[in-house]
Amino acid sequence: MTIIKSRRLILASVGIGAIFIPFIAMSNDYSQEKTMSSQYKQKVVSLLKSIESGDPKPVGYINPNQYIQHNLAVADGLEGFAAVLKLLPKGSSRVNTLRVFQDGEFVFAHTDYDFFGPKVGFDIFRFENGKIVEHWDNLQEKPAATNPSSHTMLDGPTEVTNLDKTEANKNLVHNFVDDILVNGRMNVLATYFDGDHYIQHNPQIADGLSGLSAALQVMVKQGITMKYHRIHKILGEGNFVLVVSEGYFSRPAQRVL
(Lines give C-alpha, C1' and ligand atoms only; values in the text may rest on other atoms or scores of the structure.)
Protein backbone atom coordinates (compact mmCIF):
# COMPACT_ATOMS: atom_id res chain seq x y z
CA MET A 1 0.00 0.00 0.00
CA THR A 2 1.07 3.56 -0.62
CA ILE A 3 -0.08 6.67 1.16
CA ILE A 4 0.32 10.01 -0.53
CA LYS A 5 -0.22 13.60 0.46
CA SER A 6 -0.12 16.42 -2.05
CA ARG A 7 0.63 19.05 -3.41
CA ARG A 8 4.13 17.77 -2.77
CA LEU A 9 4.23 14.01 -3.03
CA ILE A 10 5.91 12.35 -0.07
CA LEU A 11 7.06 8.82 -0.90
CA ALA A 12 7.44 5.99 1.57
CA SER A 13 7.74 2.25 1.36
CA VAL A 14 4.24 2.00 2.75
CA GLY A 15 3.53 5.65 2.35
CA ILE A 16 3.65 8.74 0.21
CA GLY A 17 2.61 12.09 1.41
CA ALA A 18 1.02 18.25 2.21
CA ILE A 19 -1.25 20.25 3.90
CA PHE A 20 -3.41 23.35 3.70
CA ILE A 21 -5.90 24.77 6.19
CA PRO A 22 -9.25 25.51 4.51
CA PHE A 23 -12.28 27.31 5.90
CA ILE A 24 -15.42 25.26 5.34
CA ALA A 25 -18.93 26.50 6.07
CA MET A 26 -20.71 23.55 7.66
CA SER A 27 -24.29 22.67 6.80
CA ASN A 28 -26.38 20.29 8.92
CA ASP A 29 -25.67 17.48 6.43
CA TYR A 30 -21.96 18.17 6.65
CA SER A 31 -22.07 18.19 10.45
CA GLN A 32 -23.90 14.84 10.52
CA GLU A 33 -21.44 13.35 8.04
CA LYS A 34 -18.50 14.63 10.10
CA THR A 35 -19.99 13.14 13.27
CA MET A 36 -20.49 9.74 11.59
CA SER A 37 -16.94 9.87 10.22
CA SER A 38 -15.58 10.59 13.70
CA GLN A 39 -17.54 7.65 15.11
CA TYR A 40 -16.23 5.23 12.49
CA LYS A 41 -12.67 6.42 12.97
CA GLN A 42 -12.92 6.05 16.74
CA LYS A 43 -14.31 2.54 16.37
CA VAL A 44 -11.30 1.57 14.26
CA VAL A 45 -8.82 3.15 16.68
CA SER A 46 -10.51 1.41 19.62
CA LEU A 47 -10.59 -1.96 17.88
CA LEU A 48 -6.88 -1.78 17.04
CA LYS A 49 -6.06 -0.62 20.58
CA SER A 50 -7.92 -3.63 21.97
CA ILE A 51 -5.08 -5.79 20.63
CA GLU A 52 -2.95 -4.13 23.33
CA SER A 53 -5.52 -3.57 26.07
CA GLY A 54 -7.56 -6.76 25.79
CA ASP A 55 -10.76 -4.69 26.09
CA PRO A 56 -13.59 -6.89 24.70
CA LYS A 57 -15.99 -3.99 23.96
CA PRO A 58 -14.53 -2.92 20.57
CA VAL A 59 -15.05 -6.44 19.20
CA GLY A 60 -18.74 -5.49 19.22
CA TYR A 61 -18.03 -3.04 16.38
CA ILE A 62 -17.55 -6.06 14.09
CA ASN A 63 -20.57 -7.62 12.39
CA PRO A 64 -20.46 -11.17 13.81
CA ASN A 65 -22.39 -12.57 10.83
CA GLN A 66 -20.35 -10.91 8.10
CA TYR A 67 -16.68 -10.18 8.67
CA ILE A 68 -14.44 -10.86 5.68
CA GLN A 69 -10.73 -11.03 6.48
CA HIS A 70 -8.14 -10.48 3.72
CA ASN A 71 -5.08 -11.15 5.88
CA LEU A 72 -4.00 -14.57 4.58
CA ALA A 73 -2.99 -15.72 8.07
CA VAL A 74 -6.34 -14.91 9.68
CA ALA A 75 -9.71 -16.64 9.25
CA ASP A 76 -12.99 -14.85 8.57
CA GLY A 77 -15.40 -13.91 11.33
CA LEU A 78 -14.97 -13.17 15.01
CA GLU A 79 -13.36 -16.56 15.47
CA GLY A 80 -10.43 -15.55 13.28
CA PHE A 81 -9.94 -12.26 15.13
CA ALA A 82 -10.11 -14.00 18.51
CA ALA A 83 -7.66 -16.69 17.40
CA VAL A 84 -4.99 -14.10 16.62
CA LEU A 85 -5.43 -12.44 20.02
CA LYS A 86 -5.00 -15.78 21.77
CA LEU A 87 -1.60 -16.25 20.12
CA LEU A 88 -0.24 -13.07 21.68
CA PRO A 89 1.42 -13.40 25.11
CA LYS A 90 -0.46 -11.28 27.64
CA GLY A 91 0.90 -7.74 27.89
CA SER A 92 3.27 -8.22 24.95
CA SER A 93 1.54 -6.00 22.39
CA ARG A 94 1.69 -2.26 21.80
CA VAL A 95 -0.57 -0.36 19.39
CA ASN A 96 -0.32 3.35 18.58
CA THR A 97 -2.49 4.54 15.68
CA LEU A 98 -0.98 7.78 14.39
CA ARG A 99 -3.23 8.51 11.42
CA VAL A 100 -6.83 7.57 10.65
CA PHE A 101 -8.93 8.71 7.69
CA GLN A 102 -12.29 7.94 6.12
CA ASP A 103 -13.49 7.74 2.53
CA GLY A 104 -17.16 6.77 2.38
CA GLU A 105 -17.65 3.33 3.90
CA PHE A 106 -13.88 2.79 4.25
CA VAL A 107 -11.68 3.81 7.19
CA PHE A 108 -7.92 3.46 6.81
CA ALA A 109 -5.34 3.73 9.56
CA HIS A 110 -1.54 4.04 9.85
CA THR A 111 -0.29 2.36 13.01
CA ASP A 112 2.91 1.77 14.97
CA TYR A 113 2.66 -1.86 16.16
CA ASP A 114 4.66 -4.10 18.40
CA PHE A 115 3.37 -7.65 18.25
CA PHE A 116 5.64 -10.50 17.30
CA GLY A 117 8.20 -7.70 16.89
CA PRO A 118 8.02 -3.98 15.90
CA LYS A 119 6.01 -3.29 12.74
CA VAL A 120 4.39 -0.46 10.83
CA GLY A 121 1.02 -1.18 9.29
CA PHE A 122 -1.85 0.10 7.19
CA ASP A 123 -5.31 -1.25 7.95
CA ILE A 124 -8.47 -0.73 5.89
CA PHE A 125 -11.89 -1.43 7.38
CA ARG A 126 -15.18 -1.38 5.46
CA PHE A 127 -18.38 -0.49 7.29
CA GLU A 128 -22.00 -1.41 6.59
CA ASN A 129 -24.82 -0.05 8.76
CA GLY A 130 -22.37 1.09 11.41
CA LYS A 131 -20.59 -2.27 11.71
CA ILE A 132 -17.21 -3.44 10.39
CA VAL A 133 -17.70 -6.09 7.72
CA GLU A 134 -14.34 -6.33 5.94
CA HIS A 135 -10.63 -5.83 6.66
CA TRP A 136 -7.39 -5.55 4.67
CA ASP A 137 -3.91 -4.87 6.04
CA ASN A 138 -0.29 -4.50 5.05
CA LEU A 139 2.51 -4.86 7.62
CA GLN A 140 6.23 -4.14 7.33
CA GLU A 141 9.04 -4.73 9.79
CA LYS A 142 9.92 -1.47 11.54
CA PRO A 143 13.52 -0.40 10.84
CA ALA A 144 15.75 0.27 13.82
CA ALA A 145 17.34 3.33 12.15
CA THR A 146 16.06 6.35 10.24
CA ASN A 147 16.41 6.72 6.47
CA PRO A 148 19.23 8.75 4.81
CA SER A 149 17.27 11.97 5.46
CA SER A 150 16.62 11.12 9.13
CA HIS A 151 12.93 10.33 8.63
CA THR A 152 11.03 7.32 9.93
CA MET A 153 8.08 5.49 8.43
CA LEU A 154 5.82 7.25 10.94
CA ASP A 155 6.87 10.88 11.46
CA GLY A 156 5.23 13.84 9.72
CA PRO A 157 1.79 15.52 9.70
CA THR A 158 -1.21 13.61 11.02
CA GLU A 159 -4.18 16.01 10.76
CA VAL A 160 -6.57 16.05 7.80
CA THR A 161 -6.99 19.41 6.06
CA ASN A 162 -8.14 20.73 2.66
CA LEU A 163 -11.18 18.46 2.48
CA ASP A 164 -12.51 20.24 -0.60
CA LYS A 165 -9.54 18.91 -2.61
CA THR A 166 -10.07 15.24 -1.75
CA GLU A 167 -11.22 14.14 -5.22
CA ALA A 168 -8.59 16.24 -7.00
CA ASN A 169 -5.86 14.71 -4.83
CA LYS A 170 -7.15 11.19 -5.44
CA ASN A 171 -7.08 11.83 -9.19
CA LEU A 172 -3.54 13.23 -8.96
CA VAL A 173 -2.31 10.18 -7.08
CA HIS A 174 -4.10 7.77 -9.42
CA ASN A 175 -2.43 9.42 -12.40
CA PHE A 176 0.96 9.36 -10.66
CA VAL A 177 0.80 5.64 -9.89
CA ASP A 178 -0.55 4.82 -13.36
CA ASP A 179 2.01 6.96 -15.20
CA ILE A 180 5.14 6.22 -13.18
CA LEU A 181 4.73 2.95 -11.29
CA VAL A 182 2.50 0.98 -13.66
CA ASN A 183 3.54 2.28 -17.08
CA GLY A 184 7.04 3.60 -16.36
CA ARG A 185 6.56 7.01 -17.99
CA MET A 186 9.60 8.44 -16.20
CA ASN A 187 9.72 11.45 -18.56
CA VAL A 188 6.75 12.96 -16.65
CA LEU A 189 8.00 12.13 -13.15
CA ALA A 190 9.10 15.69 -12.34
CA THR A 191 5.65 17.10 -13.17
CA TYR A 192 4.21 15.40 -10.07
CA PHE A 193 6.65 16.99 -7.61
CA ASP A 194 7.40 20.45 -6.23
CA GLY A 195 10.94 20.50 -7.53
CA ASP A 196 13.43 18.63 -5.41
CA HIS A 197 11.54 19.44 -2.21
CA TYR A 198 9.55 16.53 -0.91
CA ILE A 199 9.80 14.31 2.13
CA GLN A 200 10.64 10.64 1.82
CA HIS A 201 9.62 8.04 4.44
CA ASN A 202 10.93 4.97 2.65
CA PRO A 203 13.56 3.49 5.02
CA GLN A 204 16.13 3.23 2.21
CA ILE A 205 15.62 6.43 0.21
CA ALA A 206 16.65 10.07 0.79
CA ASP A 207 14.42 13.13 0.32
CA GLY A 208 13.79 14.79 -3.03
CA LEU A 209 13.77 13.66 -6.62
CA SER A 210 17.55 13.40 -6.40
CA GLY A 211 17.23 10.85 -3.58
CA LEU A 212 14.66 8.84 -5.52
CA SER A 213 16.76 8.93 -8.69
CA ALA A 214 19.84 7.74 -6.80
CA ALA A 215 17.89 4.87 -5.21
CA LEU A 216 16.50 3.75 -8.58
CA GLN A 217 19.99 3.73 -10.07
CA VAL A 218 21.23 1.54 -7.21
CA MET A 219 18.32 -0.86 -7.75
CA VAL A 220 19.20 -1.19 -11.44
CA LYS A 221 22.85 -1.87 -10.65
CA GLN A 222 21.87 -4.54 -8.11
CA GLY A 223 19.41 -6.18 -10.48
CA ILE A 224 16.43 -5.39 -8.23
CA THR A 225 13.10 -5.26 -10.06
CA MET A 226 10.02 -3.36 -8.91
CA LYS A 227 6.90 -3.44 -11.07
CA TYR A 228 3.34 -2.35 -10.35
CA HIS A 229 0.70 -4.24 -12.37
CA ARG A 230 -2.58 -2.66 -11.38
CA ILE A 231 -4.37 -0.26 -9.05
CA HIS A 232 -7.08 -1.87 -6.94
CA LYS A 233 -8.36 1.02 -4.85
CA ILE A 234 -7.77 4.73 -4.23
CA LEU A 235 -8.94 6.06 -0.86
CA GLY A 236 -8.53 9.61 0.36
CA GLU A 237 -9.52 12.31 2.81
CA GLY A 238 -8.25 15.83 2.26
CA ASN A 239 -4.54 15.78 1.47
CA PHE A 240 -4.00 12.14 2.45
CA VAL A 241 -4.45 9.44 -0.18
CA LEU A 242 -3.94 5.70 0.16
CA VAL A 243 -3.30 3.52 -2.90
CA VAL A 244 -3.94 -0.23 -2.84
CA SER A 245 -2.02 -1.72 -5.74
CA GLU A 246 -0.55 -4.99 -6.95
CA GLY A 247 2.88 -5.81 -8.31
CA TYR A 248 6.16 -7.49 -7.49
CA PHE A 249 9.53 -6.66 -5.97
CA SER A 250 12.34 -9.11 -6.63
CA ARG A 251 16.06 -9.48 -6.09
CA PRO A 252 18.44 -11.58 -8.20
CA ALA A 253 18.99 -15.09 -6.88
CA GLN A 254 22.12 -15.54 -4.76
CA ARG A 255 24.63 -18.08 -6.04
CA VAL A 256 25.66 -20.71 -3.51
CA LEU A 257 29.24 -21.94 -3.97
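Residues numbered from 1 in each chain as written. Predicted model: local features only at pLDDT ≥ 70, side-chain atom pairs only at ≥ 80, totals over all residues. Heavy atoms only, no water.

For the rest of this paragraph, the subject is the pattern of salt bridges. For the structure shown, the criterion picks out 10 salt bridges. Of the charged contacts, one joins lysine 41 and glutamate 237 as a salt bridge, the two residues approaching to 3.0 Å between their closest N and O atoms. With a gap of 196 residues between them, lysine 41 in helix H1 (residues 28–53) and glutamate 237 in strand S7 (residues 225–237) connect regions that are remote in the sequence. Like glutamate 237, lysine 41 is buried. Of the charged contacts in the structure, one is a salt bridge between arginine 126 and glutamate 128, with a shortest N-O distance of 2.6 Å. Via salt bridges that share partners, Asp103, Glu167 and Lys170 belong to a single interconnected network. (Salt bridge = Lys/Arg side-chain N within 4 Å of Asp/Glu carboxyl O. Helix = DSSP H or I, 4+ residues; strand = E, 2+ residues; numbered from the N terminus. Buried < 20%, exposed > 50% of the residue type's maximum accessible area, 1.4 Å probe, protein only.)

Here the focus is helix H2 (residues 77–87). Among the residues making up H2, those that are buried are Gly77, Gly80 and Phe81. Here the buried residues of H2 occupy an arc of 130° about the axis, which is enough to place them on one side. In H2, the exposed residues that point more than 90 degrees away from the buried face are Glu79 and Lys86. (Arc of directions from axis to C-beta.)

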